[in-house]
Amino acid sequence: MNTIKLALCCAIILILFSINNLQAQSLHRFYEGGKAGYKDKNEVTIIDAQYDQGSKFHEGMAIVVIKKNRGFINSNGEVAIPLMYEDVSQFSNGIAAAKLNGKYGYINQKGHWVVKPKYDEAYPVYNQRARVKVDGLYGFINPKGLETIQITYKNARDFAHGLAPVKIDSYWHYINAKNKKVFTAQYDDAYSFTDIKNAMVKIKNDFYRIDLEGKIIEKIELKKED
């Protein structure tokens, strides 16, 4: 009997979450008198135009700005996280980068610090990893805030399809989530993999597309300006 009650409670919670998420997705931003607000799909104003800037909703939250202060609202128009930050990112995997007193950390959707501010730069979670920078070097954390890849790289770009480009000395390489190099090749520049599972790399003065195995697909012919 208790098992049935527990299952029913879980189902109700899931339904309520889904309804709230659908409502958030249906809201869209509008501007009036230089201020941002939000309307539903029927063009009914849900949140009056009162913010200097506003983002799209993501994971049920939207970034809003008044003067230089940033925070988050939920789909009901409530200020879910106070406008007290110097900079914030969209939520991804339940956390968002937030800057306070010149340093970045990560907060959850209750506004609690998952990682207290200590980074010079911090980016959203992609592929279960977020890129961070301290003292000129880059590494990665997971959604729980643990530094899973040590902050040792001269530069880095985001993970995609389980791989990330990182700069070691003068060249770029690709690593996996275990911080292991996956290709023998080294590049003069390298970018994150795209949705179609290829990435652009630079070798000397030429650009190429590679696949997830590091094989060159094609040379990219750049258009010359007249």
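Calculation notes
- Residues numbered from 1 in each chain as written.
- Predicted model: local features only at pLDDT ≥ 70, side-chain atom pairs only at ≥ 80, totals over all residues.
- Heavy atoms only, no water.
- Helix = DSSP H or I, 4+ residues; strand = E, 2+ residues; numbered from the N terminus.
- Buried < 20%, exposed > 50% of the residue type's maximum accessible area, 1.4 Å probe, protein only.
- Contact = heavy atoms within 4.5 Å.
- Areas by Shrake-Rupley, 256 points an atom, 1.4 Å probe, with all protein chains shown as cover.
- Pairing = 2+ DSSP bridges.
- Axes fitted to C-alpha atoms, helices over the stretch in contact; angles between N-to-C directions.
- Phe/Tyr/Trp six-rings, centres within 6.5 Å; stacked < 30°, edge-to-face > 60°.
- pLDDT = per-residue confidence, 0-100.
- Polar contact = N/O pair within 3.5 Å; in protein donor to acceptor, adjacent residues only side chain to side chain.

### Some details on the overall build of the protein
Consideration 1: Broken down by element type, the protein carries one helix and 22 strands.
Consideration 2: With 226 residues in all, the protein has 35% of them scored as buried.
Consideration 3: Long-range pairs, those at least 24 residues apart, make up 25% of the contacts in the protein with a sequence separation of at least 6.
Consideration 4: Just so you have it, the protein exposes about 13,700 Å², and 51% of that area is on carbon and sulfur atoms.

### Considering the side chain of serine 89
Consideration 1: If you trace the backbone, serine 89 turns up in the loop between strand S8 (87–88) and strand S9 (95–100).
Consideration 2: The residues touching serine 89, leaving out its near neighbours within four places in the chain, are Ile63, Phe72, Ala96, Ala97 and Pro124.

### Digging into the pairing of strand S22 (residues 216–220)
Consideration 1: Note that strand S21 (residues 206–210) and S22 share four bridges and pair antiparallel. Its bridge partner being in S22, arginine 209 is matched across the sheet by glutamate 218.
Consideration 2: Where S21 folds back onto S22 in an antiparallel hairpin, the turn is made up of five residues, including glycine 214, whose phi is positive at roughly 85°.

### Observations concerning the environment of lysine 103
Consideration 1: Tracing the backbone through its elements, the reader meets lysine 103 in strand S10 (residues 103–108).
Consideration 2: With sequence-adjacent residues up to four places away left out, lysine 103 is seen in contact with Ala98, Pro117, Lys118, Tyr119 and Asp120.

### What about the sheet that holds strand S1 (residues 28–32)?
Consideration 1: Read across the open sheet, the three strands follow the order S1-S2-S3; overall the sheet is antiparallel. The open sheet has two edge strands with one neighbour each: S1 and strand S3 (45–51). Direction aside, the axes of adjacent strands within the sheet are offset by 25° on average.
Consideration 2: Judged from the three bridges that link them, strand S2 (residues 35–39) and S3 form a sheet pairing that is antiparallel.

### As for the packing of aromatic side chains
Consideration 1: Enumeration according to the criterion identifies seven aromatic pairs in this entry.
Consideration 2: An angle of 90° between the planes, with centres 6.0 Å apart, marks the rings of tyrosine 85 and tryptophan 113 as edge-to-face. A residue pair is termed long-range when its members are at least 10 positions apart, and tyrosine 85 in strand S7 (residues 79–85) and tryptophan 113 in strand S11 (residues 113–119) qualify at 28 residues.
Consideration 3: Of the residues examined, tryptophan 113 reaches a relative accessible area of 30% and is grouped as partly exposed.

### Focus: the confidence of the model for the protein
Regions with low pLDDT should not have their predicted coordinates read in detail.
Consideration 1: Residues of the protein with pLDDT of at least 70 account for 88%, and the chain-wide mean is 90.
Consideration 2: Contacts from residues 9–24, a stretch scored under 50 in pLDDT, to residues over four places away or in other chains number eight contacts.

### Quick word on the side chain of aspartate 158
Consideration 1: In this structure, aspartate 158 sits in the loop between strand S16 (155–156) and strand S17 (163–168).
Consideration 2: Within the structure, the side chain of aspartate 158 is placed 3.0 Å from the side chain of arginine 131, a separation counted as a polar contact.
Consideration 3: Sequence-distant contacts of aspartate 158, that is, excluding residues within four places in its chain, are made with Tyr123, Tyr126, Arg131, Leu163, Ala164, Pro165 and Ser192.

### Examining the sheet that holds strand S12 (residues 121–126)
Consideration 1: In spatial order, the strands read S12-S13-S14-S15; together these four strands make up an open sheet with antiparallel pairing. With partners counted over all chains shown, the strands left at the sheet margins are S12 and strand S15 (147–153), one partner each. Strand-to-strand twist in this sheet, taken as the mean axis angle between neighbours without regard to direction, amounts to 15°.
Consideration 2: When strand S14 (residues 137–141) meets S15, the two strands line up antiparallel, connected through three bridges. Paired with tyrosine 138 across the strands is tyrosine 153, a residue of S15.

### Focus: unusual backbone geometry
Consideration 1: Even without being a glycine, aspartate 135 presents a positive backbone phi close to 50°.
Consideration 2: Here aspartate 135 lies in the loop between strand S13 (129–134) and S14.
Consideration 3: The phi angle at asparagine 179 is positive, at roughly 70°, despite the residue not being glycine.
Consideration 4: The topology assignment puts asparagine 179 in the loop between strand S18 (171–176) and strand S19 (189–190).

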